[in-house]
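These are the residues of each chain, in order.
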Amino acid sequence: MNELLNDFEQALLAVDAVAAREVFDRWGAENVRSEFLDQIIVPVLDKIGDGWAEGSVSLAQVYMSGRICEKLVDAMILRDPMPVRSHPRIAIVVLEDRHILGKTIVYSFLRSCGFSLLDYGCLGVDDTVKRAIDDKIEVLLVSTLMLPSALRVKDLRRQFDARDADVKIVVGGAPFRFDETLWKEVGAYAMGRTAFDAVSVFAGIEGGAS
Amino acid sequence: MGPSMSCSERVLTAMGHKEADRVPFLLSATMHGAKELGLSIREYFSKPENVVEGQMRLLRKYRHDFMSGMYFAANEIETWGGEVIFFDDGAPNAGEPFITKSSMITGLTPPRIENSNLAQRILKTISLMKERVGDEAPVVGVVVSPFSVPVMQMGFGRYIRLMYEERPLFEQLMKVNEEFCVSWADAQLAAGATAICCFDPVSSTTITSRQMFLETGLQVAKRVIGRISGPTVMHMGAGACGQIVGDILSTGAAGLGVSSLDDLGVIKDSCRGKVTILGNLNNIEMRNWSAEQAEQEVKKAIASAGAGGGYVLADNFGEIPWQVPDEVLMAISDAVFKWGQYPLTWVRDYEG
């Protein structure tokens, strides 16, 4: 098991899709294929995300790892039914910016982990509020790159509150990484340093944590 | 103590790895000049005279040591024919990427600087700055590295895939970008810039692994810095460089812009006597700093990197957000004047 975990991690960090597929096939020879998701993909992507937060892994490796895993999961879905996860209604948005990499990484990670979520692309505050309320979103993941966009989360919170919409905002991106108190200042429910942090937030909400 | 040095003398001494009269510092308040003149950010950047006047006022007000010809990083995208989006409270940003599929790289040629209104305004700004300050203060020109500008040209994800999956097209894009970057840097030097700051966040290990950097970004940096006709600072734009600092020494860069993610003292040890370092005040956190916090951060940075010269105190990103209050910038300035006077006798007993 440890060898498979290690080999899969090394394959992803080397951005070697063939080697990653080979690990998947080795797993499938002796195990239930669909369990590759929870037993291998999720812990390895979590570890790679932590590696980025600690500075030992690059963002490019995180991004390419997510892409490789997403393709593997798509291939798995074609062959075997995947476990259905219970989770809140989730959407993800890039707020008032065109830099979509952070959103893409989180979206790809969550899909690879078996979550389904709506992708709003790049939107302003008003459009985000309208769509989230129309879609009855419970958790809104907000990605930002620049400080002004991060500060705009305050307006998002204000508009949801004015409409009595219980939407939990989870923020991520460079401004929140460089100022670890900023997420509280803008009224977010939580901040994600890595994509996996979002999963912990969902678990907390499902478990009734506030 | 003799008469104090001019800004230029102070910076040159520091970059010669000697101690000047005090630690030189650069406050990259590229937008704060608009506040000084009572203009919106869009109005401010619409005329070279505005930027020159704004930066002159900030030079006197903050008593820092540089004039910066920088408008905003996305200005290069306008030259390439792309879209720049203005905001009321932040730096203009690049719009939708104009390379929408990698095959478009095949037909790409470097844009002509003389055809870009924005590039011409920047060149005029630098020229007017040089007229105003003469040799009193260095004027900094700015380029985005050929290795980093594709983030705006084609989007981050598509560019990373190009790096890993389509190396020949990647190399072709670098070739075109290098031609533009060198000509853009040289045009700014010809207009009066003293040195060039080349922003290259993609080279940082926050964005690409050291292995990828050695294969790609390092080679680009060596080629470009070798061709630019003046001293060039390689700036990581808030990305970490601790793992590649030894490699960066081989690029020929005169300086290195360091992130707050890095240990300034460790980077200084690696660069001592070879490359001047700039940094690394946290430009996002400083928005909420008190005067006391600002003083402590300045002390910490000077204690880490000030001794022996080869250090310019600056922020970690190369652009101070619009939201950072003047009081904080004034407090940083006061602290440099208080704690940055050479010799730094207090550093021996500094415990942070």
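The structure displayed is predicted, hence computed values, not measured ones. (Residues numbered from 1 in each chain as written. Chains lettered and ligands numbered in written order. Predicted model: local features only at pLDDT ≥ 70, side-chain atom pairs only at ≥ 80, totals over all residues. Heavy atoms only, no water.)

*Asks:* Any chance you could explain the domain arrangement of chain A here in plain terms?
*Replies:* As a measure of interface size, the accessible area lost when the parts come together is often cited. Residue and element names in this part refer to chain A. Each domain of chain A was delimited in the assignment, giving domain 1 (2-79) and domain 2 (90-206). Computed over C-alpha atoms, the centres of domain 1 and domain 2 are 25 Å apart. Carbon and sulfur atoms make up 66% of the surface buried where domain 1 meets domain 2, a total of about 1,300 Å² over both sides. Among the residues of domain 1 in contact with domain 2, Trp52, Tyr63 and Glu70 are the three that bury the most area, contributing 35% of the side total. Summed over the shared surface of domain 1 and domain 2, the result is 2 salt bridges. Residue Glu70 is joined to Arg111 by a salt bridge in which the shortest nitrogen-to-oxygen separation is 2.9 Å. Where domain 1 packs against domain 2, one counts 5 residue pairs in polar contact (both at pLDDT 80 or more). Of all the secondary structure elements, the ones that give two or more residues to the side of domain 1 that touches domain 2 are α3 (36-54) and α4 (59-79). Classifying every residue of the side of domain 1 that touches domain 2 gives 11 nonpolar, 2 polar and 5 charged. (Domains from an automatic or database assignment. Buried area = accessible area lost by both parts, 1.4 Å probe. Salt bridge = Lys/Arg side-chain N within 4 Å of Asp/Glu carboxyl O. Polar contact = N/O pair within 3.5 Å; in protein donor to acceptor, adjacent residues only side chain to side chain. Helix = DSSP H or I, 4+ residues; strand = E, 2+ residues; numbered from the N terminus. Nonpolar A, V, L, I, M, F, W, Y, C, P; charged D, E, K, R; others polar.)

*Asks:* What is the right way to read the pattern of salt bridges from this model?
*Replies:* A side chain of one charge can pair with a side chain of the opposite charge when the charged atoms of the two come close. Residue and element names in this part refer to chain A. Enumeration according to the criterion identifies 35 salt bridges over all chains in this entry. Notably, a salt bridge pairs Glu22 with Arg26, separated by 3.4 Å at the nearest N-O pair. Remark: Arg26 and Glu22 occur in helix α2 (residues 17-30); sequence separation between them is 4 residues, near one turn of the helix. A salt bridge links Lys168 to Asp166; the nearest nitrogen and oxygen atoms lie 3.4 Å apart. When its relative accessible area of 58% is taken as the criterion, Asp166 is described as exposed. Salt bridges here are not isolated pairs; linked through shared partners, they connect Glu3, Asp7, Glu22 and Arg26. (Buried < 20%, exposed > 50% of the residue type's maximum accessible area, 1.4 Å probe, protein only.)

*Asks:* Even after reading the chapter, I still don't get the side chain of Arg22(B), so can you show me in this structure?
*Replies:* All names here are of chain B. With respect to the helices and strands, the residue Arg22 is situated in the loop between α1 (7-15) and β1 (25-26). Only 2.9 Å separates the side chain of Arg22 from the side chain of Asp65, close enough to count as a polar contact. Look past the residues within four positions of Arg22 in its chain and what remains in contact with it is Arg10, Arg63, Asp65, Val336, Phe337, Gly340, Gln341 and Tyr342. (Contact = heavy atoms within 4.5 Å.)

*Asks:* Honestly, the sheet that holds strand β5 (residues 190-191) of chain A in this entry has me stumped. Any pointers?
*Replies:* Adjacent strands of a sheet form backbone hydrogen bonds with each other and so pair up, either parallel or antiparallel. All names here are of chain A. With parallel pairing, the 5 strands of this open sheet are ordered in space as β2-β1-β3-β4-β5. Only two strands of the sheet have a single neighbouring strand rather than two, namely β2 (118-123) and β5. Of the strands in this sheet, β1 (90-95), β2 and β3 (139-144) touch helix α5 (residues 101-112), which is tilted by about 165° from β1. Helix α6 (residues 125-134) rests against β1, β2 and β3 of the sheet, and its axis sits at about 160° to β2. (Pairing = 2+ DSSP bridges. Axes fitted to C-alpha atoms, helices over the stretch in contact; angles between N-to-C directions.)

*Asks:* Is there a simple way to explain the pairing of strand β4 (residues 168-173) of chain A in this structure?
*Replies:* Side-chain direction in a regular strand flips from residue to residue, so the side chains alternate between the two faces of the sheet. Residues and elements named next belong to chain A. Within β4, 5 of the 6 residues are buried, leaving the element largely enclosed by the surrounding structure. Pairing analysis gives 6 bridges linking β3 to β4, with the strands arranged parallel. The residue bridging Val142 from the neighbouring strand is Val171, located in β4. In this sheet, β5 lies alongside β4 in parallel orientation, the contact comprising 2 bridges. Considered in β5, the bridge of Val170 is made with Ala190.

*Asks:* Before we go on, may I ask you to explain the nonpolar core in this structure?
*Replies:* The tendency in soluble globular proteins is for nonpolar side chains to be buried as a group. Counting residues in hydrophobic clusters, the biggest one holds 116 residues, and the most contacted among them are Phe8(A), Leu12(A), Phe36(A), Ile41(A), Leu110(A), Leu141(A) and Tyr159(B). Shared between two domains, this core takes at least three residues from each, and those domains are domain 1 (2-79) and domain 2 (90-206) of chain A. Excluding anything up to four places from it in sequence, Ile41(A) contacts Phe8(A), Phe36(A), Cys69(A), Val73(A), Met76(A) and Ser112(A). (Core = buried A, V, L, I, M, F, W, Y, C linked by side-chain atoms within 4.5 Å.)

*Asks:* Whenever I open this one, the environment of Gly95(B) confuses me. Can you help?
*Replies:* One can find Gly95(B) in the loop between β4 (93-94) and α6 (117-133). Looking at Gly95(B), the relative accessible area reads 5%, which means it is buried. Through-space distance from the C-alpha of Gly95(B) to that of Gly155(B) is 9.9 Å; in sequence the pair is 60 residues apart. The residues contacting Gly95(B), other than those within four sequence positions of it, are Arg98(A), Glu83(B) and Ile85(B).

*Asks:* Which parts of the structure should I look at to understand the sheet that holds strand β8 (residues 255-257) of chain B?
*Replies:* The strand order across the open sheet formed by 8 strands is β1-β10-β9-β8-β7-β6-β5-β2 (chain B), and the pairing between neighbours is parallel. Edge positions in the open sheet fall to β1 and β2 (67-68) of chain B, since each of these has one partner strand only.

*Asks:* When you look at the state of the cysteines in this model, what are you seeing that I'm missing?
*Replies:* By definition, a disulfide is the covalent link that joins the sulfur atoms of two cysteine residues. Taken as a whole, this structure holds 0 disulfides over all chains when the rule is applied. Left unpaired, Cys69(A) is separated from the closest cysteine sulfur, that of Cys113(A), by 8.3 Å. Judged by relative accessible area, which is 0%, Cys69(A) ranks as buried. No disulfide involves Cys181(B); its nearest neighbouring cysteine sulfur is the one of Cys198(B), lying 4.9 Å away. What makes Cys181(B) buried here is its relative accessible area of 2%. (Disulfide = S-S within 2.5 Å.)

*Asks:* Sorry, what's going on with the pairing of strand β5 (residues 139-144) of chain B here?
*Replies:* All names here are of chain B. Most of β5 sits out of view: 6 of its 6 residues are buried. Neither face of β5 is open: one carries Val139, Gly141 and Val143, the other Val140, Val142 and Val144, and all of them are buried. The pairing of β5 with strand β6 (residues 195-199) spans 5 bridges and is parallel. Bridge pairing in β6 places Gly141 opposite Ile196.

*Asks:* I tried to follow the environment of Val220(B) on my own but got confused; where do I start?
*Replies:* All names here are of chain B. For Val220, the location among the structural elements is in helix α11 (residues 217-227). Separated by 46 residues in the primary sequence, Val220 and Met174 place their C-alpha atoms 7.3 Å from one another. Each residue touching Val220, except ones within four places of it in the same chain, is listed here: Pro146, Phe147, Met174 and Glu178.

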